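Listed here are the chains, written in short residue letters.
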Amino acid sequence: MFNGLADWWDGVELWLAQAWFPVQFVLVMVAVVPLCLAAAWVLDKLVGLFAHWLAPGRDDDRSDTPS
């Protein structure tokens, strides 16, 4: 099973490496950029969650009464 998957991936990689540059560019814009944006959004939310969990923010120390 893994040999079949490796052979398929080698074929895809070879096709992509030999593709015309504008085709490569379009594939990156359509596939890789949205994946990177989604990963950045998830990472931002996780870092914000851990930062809030590890250290109280300045807003947590304020009282509800206006000064």
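A brief structural summary. None of these values were measured; they are calculated from a predicted model. (Residues numbered from 1 in each chain as written. Predicted model: local features only at pLDDT ≥ 70, side-chain atom pairs only at ≥ 80, totals over all residues. Heavy atoms only, no water.)

## Re the overall build of the chain
Then comes step 1: Counting its regular elements, the chain contains 2 helices and 0 strands.
Then comes step 2: Burial statistics for the chain: of 67 residues in total, 1% are counted as buried.
Then comes step 3: Carbon and sulfur atoms make up 71% of the accessible area of the chain, which amounts to about 6,600 Å² in all. (Helix = DSSP H or I, 4+ residues; strand = E, 2+ residues; numbered from the N terminus. Buried < 20%, exposed > 50% of the residue type's maximum accessible area, 1.4 Å probe, protein only. Areas by Shrake-Rupley, 256 points an atom, 1.4 Å probe, with all protein chains shown as cover.)

## Examining a nonpolar patch on the surface
Then comes step 1: On the surface, Phe21, Phe25, Val26, Val28, Met29, Val30, Val32, Val33 and Leu37 cluster together to form a nonpolar patch covering roughly 830 Å² of accessible area.
Then comes step 2: Considering the arrangement of structural elements, one finds Met29 in helix H2 (residues 21-54).
Then comes step 3: The class for Met29 is partly exposed, based on a relative accessible area of 41%. (Patch = residues over 30% accessible without salt bridge, like charges linked within 9 Å, V, L, I, M, F, W, Y side chains within 5 Å. Salt bridge = Lys/Arg side-chain N within 4 Å of Asp/Glu carboxyl O.)

## Here we look at the packing of aromatic side chains
Then comes step 1: One pass over the full model with this rule turns up 2 aromatic pairs.
Then comes step 2: Between Trp8 and Trp9 the ring centres are 6.0 Å apart and the planes differ by 50°, which places this aromatic pair in the tilted class.
Then comes step 3: A ring pair is formed by Phe21 and Phe25, whose centres lie 6.5 Å apart and whose planes are at 35°; its orientation type is tilted. Here Phe21 and its partner Phe25 are both found in helix H2, 4 residues apart, which amounts to about one turn of the helix.
Then comes step 4: We classify Phe21 as exposed; its relative accessible area is 57%.
Then comes step 5: Exposure remark for Phe25: the relative accessible area of 44% places this residue in the partly exposed category. (Phe/Tyr/Trp six-rings, centres within 6.5 Å; stacked < 30°, edge-to-face > 60°.)

## Examining H2
Then comes step 1: Taking 1.5 Å of rise per residue, the 34 residues of H2 would be expected to cover 50 Å, and the 46 Å separating its terminal C-alpha atoms lies within 8% of that figure.
Then comes step 2: Roughly 35° is the biggest bend found in H2, and it falls at Val28. (Expected span 1.5 Å × (residues − 1). Bend = angle between axes of the 7 residues up to and from the residue.)

## Let's talk about the packing of helix H1 (residues 2-18) against H2
Then comes step 1: Relative orientation of the contacting elements H1 and H2 amounts to 120°, with a least axis distance of 8 Å. With respect to their mutual orientation, H1 and H2 come out oblique. Residues Trp15, Leu16 and Ala17 of H1 form the contact with H2, whose participating residues are Val23, Gln24 and Leu27.
Then comes step 2: Grouping the amino acids of the contact of H1 with H2 by side-chain chemistry returns 5 nonpolar, 1 polar and no charged. (Axes fitted to C-alpha atoms, helices over the stretch in contact; angles between N-to-C directions. Parallel < 35°, antiparallel > 145°, perpendicular 65-115°, else oblique. Contact = heavy atoms within 4.5 Å. Nonpolar A, V, L, I, M, F, W, Y, C, P; charged D, E, K, R; others polar.)

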